Amino acid sequence: MLQIKDLHAGIEGKEILKGINLTIRPGEVHAIMGPNGSGKSTLASVLAGREDYEVTGGSVEFLGKDLLELAPEARAGEGLFLAFQYPVEIPGLSTINFMKTAVNEVRKYRGQEALDAAEFLKLMKEKMSLVNIDKNLLTRSLNEGFSGGEKKRNEVFQMAMLEPKLAILDETDSGLDIDAIRIAAAGVNAIRSKENATLVITHYQRLLDYIVPDFVHVLYNGRIVKSGGKELALELEETGYSFLKNEMNIA
Amino acid sequence: MSTITTIKDKAQQLGAATQDALQPVRAAALAAFDQLGVPAVKHEEWKYTRISQLFNQPYQLGVDHSNADAAWQAFRLPEYETANELVFINGVYNAAASTVRSAGLVVLPLEEAAKGEYAQIVSKHLGHSGKYLKDGINALNASFLVGAVFIGVNRSTEIEHPVYIYNITDGRAGNVFAQPRTLVHVAANAGVVLVETYGSIGVADHFTNQVMEVVVEQDARVEYYKVQNDSNRSSLVSTTHFRQVGKSYVHAVTISLNGAMVRNNLNMVMEAEHCDSNMFGLYFTSDSCHVDNHTIVDNAKPHCLSNEYYKGILDGSSTGVFNGKIFVQQDAQKINAFQSNKNILLSDNANVYTKPQLEIFADDVKCSHGCTVGRLDEEGLFYLRSRGVTEASAKSLLLHAFAVDILDQIRHDALRFYVDQLISERLGA
């Protein structure tokens, strides 16, 4: 589904990703872990198409298309979804109105008919109960004055609405207490299927207690330096990232 | 003969022909105009709005439009069927086209009001705006006073339906200069919703110099909406002057969406304790449209509250001007005055000039002001696009979201939907 080959990217002339290789197949859950500054969020941003970042080498293929050629909205249309680490607050735009536009533009991209008001409402109700979110939150201005947990739950709700093939969760656990993590994770798990894949980017292991990965990758200094099963996450939790630095220095 | 000379001659002729109760006001105003002239850009209050250029061409003046056809009806506002409608054509009130439905609402020719039971009110308040707007353009309006109207709201009456005021110019016979004038008196404990709008008929240059003065008595409530979406060849100087003579409430929203050169003067003179007033504004301009909002809040008495919030979206090579003046006189202790102006520039060629101006002579007051000029939020844009919304749609969603807190201040539902629709159409949504 996703094939990243020798990806190099940076910002303002500074190289941050120094040759990433990663393959994700349908149904899989991958976790990328790594210390601060290792390039985790840069990878998420580059995949979603944030314009501040410059790709200097390598390729990314998503469902047979050159992902890096596509505008951010086209990536979403193809089925990519990035849950933001810091969801943006937009006063004056409700989540419902935003989603009405987003769902129908994605449908248009996919060659599907637009939903009418009744169909949209039905879809929304279904997804609301799936990710356990309150309607009051959705009628309010997007993320404005939301708690950290509410923001992340809103991200998961939007993900459910857009039914992506690959969901990237960028530090979805950051700033959340354990209950909020559990609720967000339950939402993510509710929309997982054999056809879609998930890429979890996280600093800590605890989110992975709830979204159990098939593969764990350790990102360090712009490269994936170690890959393994879910036990690798536990190992990291035990030892921290310092061993990596030692290992790298020796190497 | 220059346009200004023609206008002065016309004013003089009018004065000679009409020996009514307003004649002393006209004569004094004409003398003031003679002395002050048309404000030039060296006049501090007109620094960015070059109005003198509008006097470089001939206009029709004082054409009789009492038999106006139905063309003005194209500018009718929603739910007009139940509203009170006052129609001015080329500055002259047209009684035949107008409808006054609500009990307790009195509409009279100003010269009649000046000699009847409202004589004292007229003599006390007519021309009060000239004390604040010391320029020739304000005086020029008062030098005509033809087809001017007095609007009275009776004591303890809540006028159920809004009062729609249409300032129409008919340019089918050539360029037109119009000077509508109204004096509104809202008596004690009364309430009214006033809506002003503008419309141009025919392809010509239209120039309207309009003045409305509103007297608000004890415990009265006024909602005032001004909606401007006129043609690219229609210029406007629109003055609205509130005088809160008793503890009262005024809620004003000014929406400017199009026009050639638009200058709005909004004054809030708070002459009693515990007055409360809101001043909201939205200007959304493109092409070469020029919109200038000058506001004055004068706190003369203690314990008043004024809240002012203007937002601007400027595209093309358009220009926005915001100048917010707040006076706090020595006796006006314990007042609260808030002011904010926020702007988004969508183009490199658009300009905005924003200036807060506070003159505070009391020592126990709370005043705040702030202004911002920025571009559309890139992070917000990326967020929306990452959810599949095209760049164009994302921009329009963000701009609508920016405008919505001013739109929400239009409490009259049908009017808010109407303005929202105009904005959404402009945004291509």
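Bear in mind that the values here come from a model prediction, so they are computed numbers and not experimental data.

So, how was this worked out
Position numbers for residues start from 1 in each chain and track the written sequence from start to end. Naming scheme: in the order in which they are written, chains are lettered from A and ligands are numbered from 1. For a predicted model such as this one, the threshold for reporting local features is a pLDDT of at least 70, and the threshold for listing and counting side-chain atom pairs is 80 or more; totals across whole chains, interfaces and linings nevertheless cover every residue. Only hydrogens and water are removed before side-chain values are computed, so all heavy atoms of the structure are retained for them. Elements are defined by DSSP. Helices are runs of H or I of four residues or more, strands are runs of E of two residues or more, and each kind is numbered from the N terminus. Radius of gyration: C-alpha atoms only; globule rule: 2.2 Å multiplied by the number of residues to the exponent 0.38. We call a residue buried when its accessible area falls under 20% of the maximum for its residue type, exposed when it is over 50%, and partly exposed in between, using a 1.4 Å probe and counting protein chains only. Should any heavy atoms of two residues lie within 4.5 Å, those residues are considered in contact. Asp and Glu count as negative and Lys and Arg as positive, but His and the ends of the chain are not part of the count. Charged side chains are reduced to one point each, which is NZ for Lys, CZ for Arg, CG for Asp and CD for Glu. Strands pair, by our definition, only if DSSP identifies at least two bridges between them. The axes used here are C-alpha line fits, helices contributing only the stretch in contact, and every angle between their N-to-C directions lies in the interval 0 to 180 degrees. Each aromatic pair joins two rings of Phe, Tyr and Trp (for Trp, the six-membered one) with centres within 6.5 Å, and gets the label stacked for planes under 30 degrees apart, edge-to-face for over 60, and tilted for any other angle. UniProt positions are given in the numbering used here, feature names are shortened, and annotations may be inferred rather than shown by experiment. Handedness is read with the strands pointing away from the viewer; a crossover is right-handed when the path from the first strand over the helix to the second is clockwise. Defined in terms of a 1.4 Å probe, buried area is the accessible area two parts forfeit on being brought together, summed over both. In the sections that follow, a salt bridge refers to a side-chain nitrogen of Lys or Arg positioned within 4 Å of a carboxyl oxygen of Asp or Glu.

> Looking at this model, I keep getting lost on the overall build of chain B. Mind explaining?
Tallying secondary structure elements over chain B gives eight helices and 20 strands in all. In terms of C-alpha radius of gyration, chain B reaches 21 Å, essentially the compact-globule figure of 22 Å for 429 residues. Taking the principal axes of its C-alpha atoms as reference, chain B extends roughly 70 × 55 × 45 Å. Per-residue burial over chain B gives 60% buried out of 429 residues. In chain B, 85% of the contacts between residues at least 6 apart in sequence involve partners at least 24 apart. Computing the positive centroid from 35 side-chain charges and the negative centroid from 46, chain B places the two 3 Å apart.

> Mind showing me how you'd approach the sheet that holds strand β4 (residues 53–62) of chain A here?
Within a beta sheet, neighbouring strands are joined by backbone hydrogen bonds and run either parallel or antiparallel to one another. All names here are of chain A. Ordered in space as β2-β1-β4-β5, the four strands form an open sheet in which the pairing is antiparallel. The open sheet has two edge strands, β2 (14–24) and β5 (65–66), and neither has a second partner. In this sheet, β4 lies alongside strand β1 (residues 2–11) in antiparallel orientation, the contact comprising eight bridges. Across the sheet, residue L2 finds its bridge partner in β4, namely F62. Across the sheet, helix α1 (residues 40–48) is in contact with β1, β2 and β4; its angle to β1 comes to roughly 110°.

> What should I look at first to understand the packing of aromatic side chains in this one?
Centre-to-centre distance and the angle between the planes together describe a pair of aromatic rings. Residue and element names in this part refer to chain B. Summed over all chains, the structure comprises 15 aromatic pairs over all chains. On the numbers, 5.0 Å between centres and 40° between planes, the contact of F177 with F207 is tilted. Taken together, the residues F177 in strand β6 (residues 176–178) and F207 in strand β9 (residues 206–216) connect sequence positions 30 residues apart. An identical accessibility class is assigned to F177 and F207; each is buried.

> Looking at this structure, I do not really get the UniProt feature "domain: SUF system FeS cluster assembly SufBD core" (unreviewed entry) in chain B. What am I missing?
On the UniProt side, "domain: SUF system FeS cluster assembly SufBD core" (unreviewed entry) is annotated at positions that read residues 174–402 of chain B here. Split by type, residues 174–402 of chain B is 9% helix and 61% strand. Its first and last C-alpha atoms lie 39 Å apart.

> What is the right way to look at the pairing of strand β10 (residues 197–202) of chain A in this model?
Side chains on a regular strand alternate between the two faces of the sheet. Residues and elements named next belong to chain A. Most of β10 is tucked away: six of the six residues are buried. Side chains of β10 alternate between two faces, with A197, L199 and I201 and T198, V200 and T202 buried alike. As paired strands, strand β3 (residues 29–33) and β10 are joined by five bridges and run parallel to one another. Within β10, the position partnered with M33 by the bridge is T202. Pairing of strand β9 (residues 166–170) with β10 involves five bridges; the strand directions are parallel. Looking across to β10, one finds that I168 is bridged to L199. What joins β9 to β10 is helix α7 (residues 178–190), and the crossover it makes is right-handed.

> What is the right way to look at the environment of N293(B) in this model?
In this structure, N293(B) sits in strand β15 (residues 290–299). The spatial distance from the C-alpha of N293(B) to the C-alpha of Y310(B) is 8.9 Å, given a sequence separation of 17 residues.

> It is not clear to me how the interface of chain B and chain A should be interpreted in this structure. Could you clarify?
Size of an interface: often given as the accessible area lost when the parts come together. Each partner contributes to the interface: chain B provides 18 residues, whereas chain A provides 29 residues. In this assembly, chain B packs against chain A so that about 2,000 Å² is buried in total across both faces, 63% of it on carbon and sulfur atoms. Taken together, the links from chain B to chain A amount to four salt bridges. A salt bridge links R385(B) to E51(A), with the nearest nitrogen and oxygen atoms 3.2 Å apart.

> Would you mind going over the pairing of β9(A) with me for this structure?
For β9(A), the buried fraction is high: five of the five residues fall into the buried class. Where burial is concerned, the two faces of β9(A) agree: the one with L166(A), I168(A) and D170(A) and the one with A167(A) and L169(A) are both buried.

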